[in-house]
Amino acid sequence: MSLFKTYAGLSRDIYYLCLARTINSMGDFIFSLITLVLTLQMGMSVVSAGIFVSMAALISGPGVLLGGYLSDLIGKKTIIISGQILSALMIMSCSFWSGTMTIGYLLIAVMFFISITRPAYNALIIQLCPEEKERKSAFSLMYLGANLGIALGPLIAGFFIKDYVHIVFLSIGTVFLISTFIIWKKVHVGASGQVTQTIARESAQHTEQSQGEQRPHGKQQHQERQQPGQQQQQHKKGHSPSRQQQGSESLPSPLFPMLLKNPLVVFFIVVSFLNYFIYMQYSFSLPLQMNQTFGEHGAAYYGSVMTINAISVILLTTLVLSATRNFTALNSIAAGALFYGIGFGALYLLGDWPQFAIVVVSTVLWTIGEILVQTNINLYIASRVPDSHQGRFNGLLLFVGCLGYTLSPYLTGLFIRSVDMKSVWIIILGISLFYAVCMVLLWYIEKNATNNRGIESPDYSKSV
């Protein structure tokens, strides 16, 4: 299937949103920027610079949770625009603080505001795509565009960062503003917000009824008997809702009751910790393995691995999407977990055969796993959560991702210290297989429940 056929038929809003995300990703390498600026420009030690990077990673957790809540409260597009404008202004202001510690703290703040926009991007794609196949193509296009931006941005910035870092700061800020302008002018959310509020009210009413919090029968009958003409007369007489009532209606419906109603979604989010734990091996255990296997050439070989990964993403994303277009999200994630396991597990062979060809094959395999998982992980939530809760559920998923990225290096380091380097890949293989089994089990439970009811699983977001 050609590139154009794969992504044909999506709405113009999705194309502009993905274009904006691609442009935005060119400046989206804050972790690397913090390390390079603090070590190259300011002469800070690697340990001290690592503390700043860890602070930026930790602050991303509260950022995605807040971003998810605000997306449901005041709108996804509004959060993206606000977060990116604040990020742009802060990173451009770094050019005026060159050579001072203020840069480190400003970049941490930039990371916080960028993280706020992440659940809003995911939730906005879900809102703009009513069908699951459209969402799959849209998330795939977003993923492909983000990887293109991430590949190009650091490559261009690398030529200027040592001697002209102020140009890098101003350029990243400009890139963020261009991306924001495209979203502001070209991405139209439409009138779905009114439908979202209706769904939220119906969900809240259903929750209240299930808990026995029903209105008195007589009062309810009186309201049901009220004729449309009488309702119109009340509006004409100025009987509009009070400010207190308007405020309560504008608040998003509670998250906890929706979590209780969707235990399988909660299970999916919790188990997704394994995905992020496994994926983090490419930036922690893999460079350590390259150093151990190839000695002083390890860094160069690791750079080649990253290039192979980037090329594989660009070349294989469309092919993988085409081959798995009839897979459910859970099937795709399970298959991706298997590719993770085989790809990373193959690195165990380097202990006996230290050949870079093994690394090349391994990288292609775990990259296919990355494509399958990362383009489908949001789809499962999309069809099982109403649009009024998409921001917060996506925020929870991203928060679990932050935990996985944060804890993975530490826990893997304990594994390496307890056993040896090559045995870690067998452990990662086992974790990947367990993750795949969890996804298959979840698919089986849902399929069983659907067959027993004789109905399809609900897709709340399709009504938006």
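Our next topic: the overall build of the protein chain. The secondary structure content of the protein chain amounts to 22 helices and zero strands. Out of the 464 residues in the protein chain, the part that is buried amounts to 47%. Summarising the internal contacts of the protein chain: among those between residues at least 6 apart in sequence, 86% fall at separations of at least 24. Carbon and sulfur atoms make up 64% of the accessible area of the protein chain, which amounts to about 22600 Å² in all.

This paragraph deals with helix H18 (residues 329-345). Spanning 17 residues, H18 covers 24 Å between terminal C-alpha atoms, matching the ideal 24 Å at 1.5 Å per step. Counting buried positions over the 17 residues of H18 gives 13, a clear majority of the element.

Grouped together as the largest cluster of nonpolar side chains are 104 residues, with contacts concentrated most on Leu17, Leu33, Phe169, Phe268, Tyr435 and Met439. Here this core gets 16 residues from one element, more than from any other, and that element is helix H6 (residues 102-128). Contact partners of Phe169, with chain neighbours within four places excluded, come to Leu33, Val37, Ile91, Met92, Cys94, Ser95, Ile103 and Leu107. Core analysis: the next-biggest nonpolar cluster, separate from the first, contains seven residues, Tyr143, Val320, Ile368 and Leu372 among them.

It is worth spelling out the confidence of the model for the protein chain at this point. When the pLDDT values of the protein chain are averaged, the result is 80; 80% of them are 70 or greater. H18 holds the highest mean pLDDT among the elements of the protein chain, 95, whereas helix H12 (residues 243-250) holds the lowest, 39. Within the model, the stretch residues 191-249 combines pLDDT values under 50 with 28 contacts to residues more than four positions away or in other chains. Low pLDDT, under 50, characterises residues 459-464; the stretch is placed with 25 contacts to residues that sit more than four places away or in other chains.

A separate point is the pattern of salt bridges. Scanning all chains against the criterion turns up two salt bridges. Note that Asp72 is salt-bridged to Arg392, the shortest N-O span being 2.7 Å. Taken together, the positions of Asp72 in helix H4 (residues 46-74) and Arg392 in helix H21 (residues 390-418) put the pair 320 residues apart, joining distant regions of the chain. For the salt bridge of Glu446 with Arg384, the shortest nitrogen-to-oxygen distance reads 2.8 Å.

Thresholds, definitions, all that
- Residues numbered from 1 in each chain as written.
- Predicted model: local features only at pLDDT ≥ 70, side-chain atom pairs only at ≥ 80, totals over all residues.
- Heavy atoms only, no water.
- Helix = DSSP H or I, 4+ residues; strand = E, 2+ residues; numbered from the N terminus.
- Buried < 20%, exposed > 50% of the residue type's maximum accessible area, 1.4 Å probe, protein only.
- Contact = heavy atoms within 4.5 Å.
- Areas by Shrake-Rupley, 256 points an atom, 1.4 Å probe, with all protein chains shown as cover.
- Expected span 1.5 Å × (residues − 1).
- Core = buried A, V, L, I, M, F, W, Y, C linked by side-chain atoms within 4.5 Å.
- pLDDT = per-residue confidence, 0-100.
- Salt bridge = Lys/Arg side-chain N within 4 Å of Asp/Glu carboxyl O.

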